[in-house]
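Fold and contact review
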Amino acid sequence: MLRVFICGAHSTGKTTLVNEVGKELNLHVEAEVARNVIRDLNLRREDFDPNSNPEKFEQLQEKILEAQSVVEKRNSRTGTSYIADRGIDPLVYALVYLGEDSMKKLLDLPTCKESINR
């Protein structure tokens, strides 16, 4: 089973790349889960701004990691090779905006550890 994760900054062409590579290599494409998590939680950008609401920002990164883990489990169970729009981005965002302690906290989450072990 092949798992490819495309990570990077906003609006740099990750989605376009994921879709093109998926089509070219006949890989299942997993869309970015963060947008769905934000929508499902009914959040606006100012709700999770790391400067004004760092706790909510960290919670959002945790929810995104959990949602990604669900996708990874599903594909692992079925043996589906895939390319995903994003991967470790929540860890990087936690590190950049909140610091190393926040990133380590996310790395210690059971779902994060499971994903790494998969």
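Before reading further, recall that the structure is shown in the block above.
The notes below deal with the structure included here. (Residues numbered from 1 in each chain as written. Predicted model: local features only at pLDDT ≥ 70, side-chain atom pairs only at ≥ 80, totals over all residues. Heavy atoms only, no water.)

**A look at the packing of aromatic side chains**
Following the criterion strictly, the structure yields three aromatic pairs and no others. Between F5 and Y82, the ring centres sit 6.0 Å apart and the planes meet at 90°, which makes this aromatic pair edge-to-face. With F5 in strand 1 (residues 3-6) and Y82 in strand 3 (residues 82-85), the pair connects residues that are 77 residues apart, well separated along the chain. Taking the centre distance of 6.3 Å and the plane angle of 35° together, the rings of Y93 and Y97 count as tilted. Linking Y93 with Y97, this pair stays in helix 4 (residues 89-98), spanning four residues, or about one helical turn. Clustering of aromatic rings is evident, with ring pairs tying together F57, Y93 and Y97. (Phe/Tyr/Trp six-rings, centres within 6.5 Å; stacked < 30°, edge-to-face > 60°. Helix = DSSP H or I, 4+ residues; strand = E, 2+ residues; numbered from the N terminus.)

**Some thoughts on helix 4**
Because each turn of an α-helix spans 3.6 residues, side chains separated by three or four positions end up pointing in the same direction. Restricting attention to buried positions, one finds in helix 4 the residues D89, P90, L91, Y93 and A94. Residues of helix 4 that are buried make contact with strand 1, helix 3 (54-78), helix 5 (100-107) and helix 6 (110-117). Just downstream of helix 4 lies G99, where phi reads positive at about 110°. (Buried < 20%, exposed > 50% of the residue type's maximum accessible area, 1.4 Å probe, protein only. Contact = heavy atoms within 4.5 Å.)

**Concerning the layout of surface pockets**
By volume, the largest pocket is sized at about 590 Å³. Every residue lining the largest pocket is counted, 27 residues in all, and those nearest its centre are H10, E32, R45, R86 and Y93. At the level of secondary structure, the elements contributing two or more residues to the lining of the largest pocket comprise helix 1 (14-25), helix 2 (34-40), helix 3 and helix 4. Looking at the lining of the largest pocket, the element that brings in the most residues is helix 3, giving five residues. Per-class residue counts for the lining of the largest pocket are 11 nonpolar, eight polar and eight charged. Computed from the structure, the second largest pocket encloses a volume of approximately 220 Å³. (1 Å grid on protein atoms, 1.4 Å probe; cavity = no way out; pocket = protein on both sides within 12 Å on 5 of 7 lines; lining within 4 Å. Points joined across faces, edges and corners; volume = space filled by probe spheres on them. Nonpolar A, V, L, I, M, F, W, Y, C, P; charged D, E, K, R; others polar.)

Honestly, it's all geometry; don't read function into it.
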